[in-house]
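# Residue-level structure breakdown
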Amino acid sequence: MKRKQNKKLLYGIIGLGRFGFALAKELAANDCELIVVDKDEDKVNNAAAFTDNAHIVGALTKESLQQAGIHECDVVIIGIAEQIDVCILTTLHVKRFGVKRVIVKATSAEQGDILSMMGAEVVYPERDMAIRLANKLLAPNLLEYIELSDDINIIEIEVTDKIAGQSILSLNVRKNYQLNIVAIKHDDKVLIDFQPSFQLSQGDTITVIGRKENIIRFESLL
């Protein structure tokens, strides 16, 4: 593949399952350069609708990956976690190509440990989605949830009538809940520079960061 002069990051996606295909489509929609690889002809043909670099590759050997151009990528995402041996071997090939960033989908902690030891970033899409859904079920006012670590989270919460009309100062989540408000969405605008006197309205959302137990305490207020 001949790189364009603007030197955008080149993404490689190996495996066009639900995870890989959705990721490829979203990257393409944001005008990213990408190479996609899968053994399934139908999946590759579907991907060809949004990228000119869609390749049918049966065996994921070092040679076949090079022929597809994976070795030229800046970032490679490997989404074939269900085939554990193939996933690990493919990760090894890509790492040996010298790709700067290798992200690999895993289905178990043990598989993730092996991939991490190989120098790959590991993601668990199904587990992460389940955790996000569980937190939304447990906290109905929670709109978005990001887990930064085992105990530090970022969440977006809808302002309810219980706190509507209060100012940031009077709510004082830092003192009362050891949380920090990092953004407020008001009238479809996201505010990151706001005064302590800013008054919350019903329909606003606030984004806070802090420990999970403190977030749960704050959410119970709502």
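Scroll up a little and you will see the structure.
Here's what I pulled together on the structure shown here.

### A closer look at helix 9 (residues 212–221)
Every buried residue belonging to helix 9 is among N214, I215, F218 and E219, and all of these are buried. Buried residues of helix 9, seen end-on, are gathered within an arc of 140 degrees and therefore sit on one face of the element. Across from the buried face of helix 9, at angles greater than 90 degrees, the exposed residues are I216 and S220. The secondary structure elements touched by the buried residues of helix 9 are strand 8 (152–158), helix 7 (168–171), helix 8 (173–177) and strand 11 (205–211).

### Here's the deal with the sheet that holds strand 2 (residues 33–38)
Taking strand neighbours across the sheet as the criterion, the six strands line up as 3-2-1-4-5-6 in an open arrangement whose pairing is parallel. Each end of this open sheet is capped by a strand with a single partner; those strands are strand 3 (54–56) and strand 6 (121–123). Taking the axes of each pair of neighbouring strands and ignoring which way they run, one obtains an average angle of 15 degrees across the sheet. Of the strand pairs in this sheet, strand 5 (residues 101–105) and strand 6 are connected by three bridges, and their pairing is parallel.

### Thoughts on the environment of G69
With respect to the helices, strands and loops of the structure, G69 is situated in the loop between helix 3 (62–68) and strand 4 (75–78). Along the backbone, G69 and L137 are 68 residues apart, and their C-alpha atoms lie at a distance of 43 Å.

### Looking at helix 5 (residues 109–117)
Residues of helix 5 that are buried: Q111, G112 and L115. Seen end-on, helix 5 carries its buried residues on one side only, within an arc spanning 100 degrees. Structural note: helix 5 exposes E110 and M117 on the side pointing more than 90 degrees away from its buried face. The secondary structure elements touched by the buried residues of helix 5 are helix 4 (84–97), strand 5 and strand 6. Among the residues trailing helix 5, G119 stands out with phi positive, at a value near 95 degrees.

### A word on the pairing of strand 9 (residues 180–186)
Taken together, the five bridges between strand 9 and strand 11 define a ladder with antiparallel strand orientation. Residue pairing for strand 11: I184 is matched across the bridge by I206. When strand 9 meets strand 10 (residues 189–191), the two strands line up antiparallel, connected through three bridges. Across the sheet, the residue bridging to I184 is L191, located in strand 10. As consecutive antiparallel partners, strand 9 and strand 10 are separated by two residues, and within that stretch D187 has a phi angle of approximately 55 degrees, a positive value.

About the cut-offs
Residues numbered from 1 in each chain as written. Predicted model: local features only at pLDDT ≥ 70, side-chain atom pairs only at ≥ 80, totals over all residues. Heavy atoms only, no water. Buried < 20%, exposed > 50% of the residue type's maximum accessible area, 1.4 Å probe, protein only. Helix = DSSP H or I, 4+ residues; strand = E, 2+ residues; numbered from the N terminus. Arc of directions from axis to C-beta. Contact = heavy atoms within 4.5 Å. Pairing = 2+ DSSP bridges. Axes fitted to C-alpha atoms, helices over the stretch in contact; angles between N-to-C directions.

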